[in-house]
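Read off the chains here:
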Amino acid sequence: MSTIILGIESSCDDTSAAIIKDGIILSNNIANQDVHKSYGGVVPELASRSHQQNIVPVVELAIKNAGITKNQISAVAFTEGPGLLGSLLVGSSFAKGFSLSLNIPLIGVNHLQAHILAHFIKENENDDHLPEFPFLCLLVSGGHTQIVQINDYLSMEVLGSTIDDAAGEAFDKCGKIMGFEYPAGPIIDEISKKANENKFVFTKPKVAGYNYSFSGLKTAFLYFIRDQLKINNEFINENKADLSASIQKTIVEILMQKLVEASKNTGISEVAVAGGVAANSRLSRALLEESENRNWKIHIPKKKFTTDNAAMIAITGYYKYLEKLFSSQNITPKAKLLF
Ligand code: KG4
Ligand code: ZN
């Protein structure tokens, strides 16, 4: 008999629902919240209100697009954390009600683990792009930056983490300084394409082990721009593209340096990237270069699976279902949740 999982993701500002059947994606619907754009970041109160409005139609659409009925669903998986508590509560309450009403298992999923397991979403029977264990994954999102060693679907070890800001946050905050809307990462990526990435040089942090730090870089960027604006108040407008390309290059170099070290020291040459920043084209280029220099087998997920989506929650739910790792109705969402 087939295993059909409904996945629900509501950790931040996207409401998403997806259906996965025996590891193969049937649907993945996302309602984005444009309401945060002009605020320079996600406004938690507005996010949870939008989730409440979106959750029922998004789940209905995912079930309809999958061509199934809700009675065929084997289990419902939802994001347990980490994320914004008010947002997580909407998804978890819905999932609990759904599991109770259909009398099917409820499965709480770690959002970070799900970003990594997005690599195992199959788009059809013959999809064979999947990573082999053990592999390293650079998990780079708006809230997290980590190097993780994955030994099996549900066995992961964090080798290093950011000690302050995440890589996505560095993109977003530097973008905000230049006057870009939130999220600035994709804007910086686009505007950098025809710019000179060597025009401005920013000092890279020195952090122990495989850990990262981005807050010093953001401050250095802020002070540099503040000083330049005193000399020329058109400095940002005249240099937007080169500033973007230079800060992007620095962030990517910081990310890659630790990843290369981790690969050398663990002897693992199967390397993946996950999370929203994995969509960055400069990071993909750096990974491709390293794959040639160091014989890495690299895995870069499709853009639709890098940013927050429910298919990654459903695939994680699928592997937990196979192990009968079910949650009770007493489960509560958690703003902070480690692996
Ligand atoms: O994984 P995600 O969708 O949400 C979190 O769980 O945080 O990641 C969102 C982050 C944002 O910081 C956004 O600016 C960044 O991913 N991002 C990018 C790109 N696309 C999204 N950063 C750099 N280049 C991109 N192309
Ligand atoms: Zn995420």
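Let us look at the structure shown here.

About the cut-offs
- Residues numbered from 1 in each chain as written.
- Chains lettered and ligands numbered in written order.
- Predicted model: local features only at pLDDT ≥ 70, side-chain atom pairs only at ≥ 80, totals over all residues.
- Heavy atoms only, no water.
- Donors = N, O, S within 2.8 Å, 3.2 Å for Na, K, Ca; no water.
- Tetrahedral: all angles 85-135°; square planar, octahedral: opposite > 155°, others 65-115°.
- Helix = DSSP H or I, 4+ residues; strand = E, 2+ residues; numbered from the N terminus.
- Buried < 20%, exposed > 50% of the residue type's maximum accessible area, 1.4 Å probe, protein only.
- Axes fitted to C-alpha atoms, helices over the stretch in contact; angles between N-to-C directions.
- Parallel < 35°, antiparallel > 145°, perpendicular 65-115°, else oblique.
- Left-handed = near helix turned anticlockwise from the far one by under 90°.
- Contact = heavy atoms within 4.5 Å.
- Nonpolar A, V, L, I, M, F, W, Y, C, P; charged D, E, K, R; others polar.
- Salt bridge = Lys/Arg side-chain N within 4 Å of Asp/Glu carboxyl O.
- Near = heavy atom within 4 Å.
- Polar contact = N/O pair within 3.5 Å; in protein donor to acceptor, adjacent residues only side chain to side chain.
- Domains from an automatic or database assignment.

### Quick look at the coordination of the zinc ion (ligand 2)
At 2.0 to 2.2 Å from the zinc ion (ligand 2) lie its protein donor atoms, namely His111 (NE2), His115 (NE2) and Asp308 (OD). Coordination at the zinc ion (ligand 2) is irregular: its four donor atoms span angles of 94 to 144° at the metal. Coordination of the zinc ion (ligand 2) draws on donor residues from a single chain, spaced H-x3-H-x192-D in sequence. Taken together, the residues His115 in helix α3 (residues 111-117) and Asp308 in the loop between α9 (303-306) and α10 (310-322) connect sequence positions 193 residues apart. Just as His115 is buried, Asp308 falls in that class too.

### Describing the packing of helix α4 (residues 167-177) against helix α7 (residues 235-266)
It is the contact of α4 with α7, at a shortest axis distance of 11 Å, that shows an interaxial angle of 165°. Comparing the axis directions of α4 and α7 gives the class roughly antiparallel. Here α4 and α7 pass one another in a crossing that is right-handed. In this structure, α4 contributes Ala167, Ala170, Phe171, Cys174 and Ile177 to the contact, and α7 contributes Ile236, Ile247, Gln248, Ile251 and Leu255. By residue class, the composition of the contact of α4 with α7 is nine nonpolar, one polar and no charged.

### Looking at the pattern of salt bridges
Within this structure, the stated rule accounts for 17 salt bridges. With a closest N to O distance of 2.8 Å, Glu80 and Lys334 form a salt bridge. Taken together, the residues Glu80 in strand β4 (residues 75-81) and Lys334 in the segment after α10 connect sequence positions 254 residues apart. The buried category is assigned to Glu80, whose relative accessible area is 13%.

### So, the site of ligand 1
Around ligand 1, the structure places 19 residues, and the nearest of them are Gly142, Asp172, Asp189, Gly276 and Asn280. Side-chain polar atom of His111 to an oxygen atom of ligand 1: 3.3 Å apart, as the coordinates give it. Put simply, the parts of the chain that give the shell around ligand 1 at least two residues each are α3, α4 and α5 (185-191). Among the residues forming the shell around ligand 1, the class breakdown is five nonpolar, 11 polar and three charged. Residue-level mapping places the shell around ligand 1 at the junction of two domains, with at least three residues from each of domain 1 (4-127 + 305-322) and domain 2 (135-301).

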